[in-house]
Amino acid sequence: MYRYDQFDEAFVRERVAQFRGQVARRIDGSLTEDEFKPLRLKNGVYLQLHAYMLRIAIPYGTLSSAQLRQLALIGERYDRGYGHFTTRQNLQFNWPKLRDIPDILDLLADVGMHCIQTSGNCIRNTTADHFSGAAADEVEDPRATAELIRQWSTMHPEFDYLPRKFKIAVTGAPRDRAAIRAHDIGIQVVRHPVSGEVGYRLFVGGGLGRTPMIGKLVRDFLPKAHLLAYLQSLMRVYNLEGRRDNKYKARVKILVHEIGIEEFRGRVEAEFAALDPAAIAADPEEVARIEAYFAPPAFVKLPETSQRLAADRARYAAFDRWVETNTFPHRQPGYTAVTVSLKPVGGVPGDATSDQMRTVADLADAHSFGEIRVSHHQNLILPHVRQDELYALWTGLVGAGLAEANAGLITDIIACPGLDYCALATARSIPIAQAISRRFASPERQREIGELGIKISGCINACGHHHVGHIGILGLEKSGQESYQVTLGGDATENAAIGQLLGPGITATEVPDAIERLVAVYLARRQDGETFAEAVRRLGIEPFKAGFLAAPAESAHAAA
Amino acid sequence: MPLLDADGFRADPWQRIAPGEPVTGEAVLVGLAELPAVIAGRSNTQRIGVEVVNTVRLPELSPFLGQIDLVAIAFPAFADGRAFSLARQLREAGFKGAVRAVGPVIADQFTHLVACGFDEVEVPDAIAARQPEDQWRAALASYGATYQTGYGAGASILERRRALRAGQGTAS
């Protein structure tokens, strides 16, 4: 894991002092509310429906156990004993008081954390594959690149007042688990097909919100040493040319759409040609310094499979189910990566209590080299667990209510905070997720249905990523009533696709039945081993549309 | 509007000349449309500056950069950051004269402005009244070093690390 050196530490302390000063200058009238607002947003402080919300950056979703314990402490001392993990691998506290925020920032700085650029029209926290450094299919751990981008983008003097927010995601593997094509810039670490050199493939102009778009290829191969110069060129084109007349048309995706990817690429390349990449790049020693932090931990040499695990699985059925759903193949023989589900049946997706955070921190120390990841699915990951120790880990999770065996299944629902918290929301999200989760609570049924991602947003801004859900749900307000639009066929992976609308909006109480009907179509029509997403790709939307539009009583017949 | 640089508020030696007005004075600030004629008709010692909107493109200014001493760029709003990139492009193109931000920028942006190549800001009276000189000075001193190499005068964090590795201490 990356650890702050004296310079990172000094910078974060200076940022806290600056924010303290900005709060004081707001109070004494030096800053107007209009001037203060972007300053507080750039430091993660939102004004929500009921209270301030503080969004804490978790760069590329990687946390140490010490950091997670500190978050637990802050949750207890300054919030209501819990925190909320977001779809951008961050953590939000929903109930801090404005006057406490500088003190919270000090506590964060004590463990090398901060809220820098978690909001505002700037380059946001860079995200990455949550299985980085563990996944078997990786060309390279993308976090060294993400850390380099974190440093470069931190308070970049040229790009701190952009037309709109700007999100960057990095993956090191061909299987995209970081949703890179749903980001303003998506970066894939690739190996050059001829030379074998490791470099980057870049996508631009992805994004969800009210105009969802899939990122377009802007550079097929970029040498690693050119990354910062290329990013500077691209950001400069966006900063100068991006629309500022309408905030809904200000993201880079609109610029790319309006001038076309060829023209956009040409402008970036022209800017890039005028720069000296070597003058902007981190020197090789600095790159090596960062990479060293992401070297693999001290794995023990183990056989590929664990007899102990096999025996434990044979003995305990619930454990066996959990291993089946919540582990991910590790590149190191004898190890696995574990998903700690924050989606208990009927719970709030992404919420964790301070006690739960401490439990996960302790278990990470005991079983995962003290390292935790936050996934954009709003779950936690223990990336490096010995298969031998899975049963011990599971027992610890069971005690904390964290052993739901549902990673990737229909109850592993992504939901934004919605109208329960958010000032922008037009409908509730959390209660919809809870109702679906209760409806499909049966473990057997969930496994029978298999991999199925439901994503829920409580407004058109799409924080719940509904456009890329296998089933997407968008909550709107129609004549004073909540109305939910359902989309099908979205995909956030390397097969990125925007979901298509199934029909008119439905009420909150109709949602579980509607999901039920879609599942029935899938179960009736699927071929051997075909997942929900694959079946939708093969069958197209029409059979599902028919199922969606059928009255509940008819649906069983229609699907049979 | 009050003028301020890293040393604080100071008198403005530049005189704005509206289109059609006689171009007299030691240091004259004119619009881009007037600039070619003003350069052609300048007296020996006269200094010329140009005032532009933030949507002007570098190629429109390039032909004149060797003949002018000031580029003043408008900020229609403090959150409109286009001028940061334009100032950088001017510096990267080798412009050695002064670059001025004109408009409602705030003290909290002073480090950004300086790092991107601005030398001075001309702000509305209301902002100068709310944000006196000490706030602008404090803003400039708020960070010992930042991460971007080539922005601003001091060594970046990356350069300081390199210096430290080379055993030269943290010289700036």
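Look above for the structure.
Residues numbered from 1 in each chain as written. Chains lettered and ligands numbered in written order. Predicted model: local features only at pLDDT ≥ 70, side-chain atom pairs only at ≥ 80, totals over all residues. Heavy atoms only, no water.

(A) Quick peek at the overall build of chain B. Counting secondary structure elements, chain B contains 7 helices and 8 strands. Each of the three principal axes of chain B carries a C-alpha extent, and together these read 60 × 35 × 30 Å. Split into buried and exposed, the 172 residues of chain B put 50% on the buried side. Put simply, 51% of the contacts in chain B that link residues at least 6 apart link residues at least 24 apart. Accessible surface, chain B: about 7200 Å² in total, of which carbon and sulfur atoms supply 55%. Each charge sign in chain B was given a centre, from 16 positive and 19 negative side chains, and these centres are 9 Å apart. (Helix = DSSP H or I, 4+ residues; strand = E, 2+ residues; numbered from the N terminus. Buried < 20%, exposed > 50% of the residue type's maximum accessible area, 1.4 Å probe, protein only. Contact = heavy atoms within 4.5 Å. Areas by Shrake-Rupley, 256 points an atom, 1.4 Å probe, with all protein chains shown as cover. Lys, Arg positive; Asp, Glu negative; His and termini not counted. Charge placed at Lys NZ, Arg CZ, Asp CG, Glu CD.)

(B) Here's a closer look at the state of the cysteines. Residues and elements named next belong to chain A. The tally for this structure, following the rule as stated, stands at 0 disulfides over all chains. Summary of cysteine pairing: Cys122 is not part of a disulfide, and the nearest cysteine sulfur, belonging to Cys115, is at 12 Å. For Cys122, a relative accessible area of 0% puts it in the buried group. Free of any disulfide, Cys416 has its nearest cysteine sulfur in Cys463, 6.1 Å distant. (Disulfide = S-S within 2.5 Å.)

(C) Examining the side chain of B:Asn54 more closely. Residues and elements named next belong to chain B. Among the structural elements, Asn54 can be located in the loop between strand E5 (47-52) and helix H2 (58-61). What makes Asn54 buried here is its relative accessible area of 5%. Of the polar contacts made by the side chain of Asn54, one reaches the side chain of Asp80; its length is 3.2 Å. Apart from the residues lying within four places of it in its own chain, the contact partners of Asn54 are Ile73, Ala74, Pro76, Asp80, Arg82, Ala83 and Leu86. (Polar contact = N/O pair within 3.5 Å; in protein donor to acceptor, adjacent residues only side chain to side chain.)

(D) The pattern of salt bridges, seen in detail. Counted by the stated rule, this structure contains 70 salt bridges over all chains. In this structure, the salt-bridge partner of A:Lys224 is A:Glu140, at a minimum N-O distance of 2.6 Å. Taken together, the residues A:Lys224 in the loop between strand E10 (216-223) and helix H6 (227-241) and A:Glu140 in the loop between strand E6 (127-128) and helix H5 (143-153) connect sequence positions 84 residues apart. Residue classification places A:Lys224 among the partly exposed residues on the basis of a relative accessible area of 23%. With a shortest N-O distance of 2.9 Å, A:Arg251 and A:Asp184 are connected by a salt bridge. Residue A:Arg251 is found in the loop between H6 and helix H7 (252-259), and its partner A:Asp184 is found in the loop between strand E7 (168-171) and strand E8 (185-191); the two are separated by 67 residues along the sequence. You'll find A:Arg251 and A:Asp184 in the same group, each marked buried. The network of salt bridges with common partners includes A:Asp5, A:Asp8, A:Glu147, A:Arg150, A:Asp283, A:Glu285, A:Glu286, A:Arg289, B:Arg161, B:Arg162 and B:Arg165. (Salt bridge = Lys/Arg side-chain N within 4 Å of Asp/Glu carboxyl O.)

(E) Region of the structure containing the interface of chain A and chain B. Between chain A and chain B, the contact holds 45 residues from the first and 40 residues from the second. Both faces combined, the contact of chain A with chain B buries some 3800 Å², and carbon together with sulfur accounts for 51% of it. One can count 12 salt bridges joining chain A with chain B. Between A:Arg25 and B:Asp108 there is a salt bridge whose closest N-O contact spans 2.9 Å. Applying the counting criterion to the chain A and chain B interface returns 33 residue pairs in polar contact (both at pLDDT 80 or more). With 9 residues, the single largest contributor to the side of chain A that touches chain B is helix H1 (residues 6-27) of chain A. Of the residues in the side of chain A that touches chain B, the class split is 15 nonpolar, 12 polar and 18 charged. (Buried area = accessible area lost by both parts, 1.4 Å probe. Nonpolar A, V, L, I, M, F, W, Y, C, P; charged D, E, K, R; others polar.)

(F) Seen up close, unusual backbone geometry. All names here are of chain A. Unlike most non-glycine residues, Met155 shows phi in positive territory, near 50°. Tracing the backbone through its elements, the reader meets Met155 in the loop between H5 and E7. Note on Met155: relative accessible area 10%, which makes it buried. Even without glycine at this site, Phe369 takes up a positive phi of about 55°.

(G) Up close: the sheet that holds strand E18 (residues 471-478) of chain A. All names here are of chain A. Here we have 5 strands laid out as an open sheet, ordered E16-E17-E18-E19-E20, and mixed in their pairing. A strand with exactly one partner marks an edge of an open sheet, and here the two such strands are strand E16 (414-415) and strand E20 (500-501). As paired elements, E16 and strand E17 (residues 454-457) share 2 bridges and run parallel to each other. Counterpart to Ala415 in the pairing with E17 is Ile456. Against the sheet, helix H17 (residues 511-525) contacts E17, E18 and strand E19 (481-488), and its axis sits at roughly 150° relative to E18. (Pairing = 2+ DSSP bridges. Axes fitted to C-alpha atoms, helices over the stretch in contact; angles between N-to-C directions.)

(H) Molecular detail of the packing of helix H12 (residues 317-326) of chain A against helix H14 (residues 390-399) of chain A. Residue and element names in this part refer to chain A. Interhelical geometry of H12 versus H14 gives an angle of 100° and a closest axis separation of 11 Å. The angle between H12 and H14 places the two elements in the roughly perpendicular class. Facing H12, whose interface residues are Ala318, Phe319, Trp322 and Val323, H14 presents Leu390, Tyr391, Leu393, Trp394 and Leu397. Each residue belonging to the contact of H12 with H14 can be placed in one class, and the counts come to 9 nonpolar, no polar and no charged. (Parallel < 35°, antiparallel > 145°, perpendicular 65-115°, else oblique.)

(I) The arrangement of the packing of aromatic side chains in detail. All names here are of chain A. Going through the model one piece at a time under the given rule, you end up with 26 aromatic pairs over all chains. Pairing Tyr2 with Tyr293 gives two aromatic rings, centres 4.8 Å apart and planes at 65°, and the pair type is edge-to-face. Taken together, the positions of Tyr2 in the segment before H1 and Tyr293 in helix H10 (residues 284-293) put the pair 291 residues apart, joining distant regions of the chain. Overall, the relative accessible area of 8% leaves Tyr2 in the buried class. Classification of Tyr293 by relative accessible area gives partly exposed; the value is 26%. A centroid spacing of 6.5 Å and a plane angle of 25° characterise the contact between Phe19 and Phe36, whose relative ring orientation is stacked. Of this pair, Phe19 sits in helix H1 while Phe36 sits in helix H2 (residues 33-41); the two residues are 17 residues apart in sequence, bridging distant segments of the chain. (Phe/Tyr/Trp six-rings, centres within 6.5 Å; stacked < 30°, edge-to-face > 60°.)

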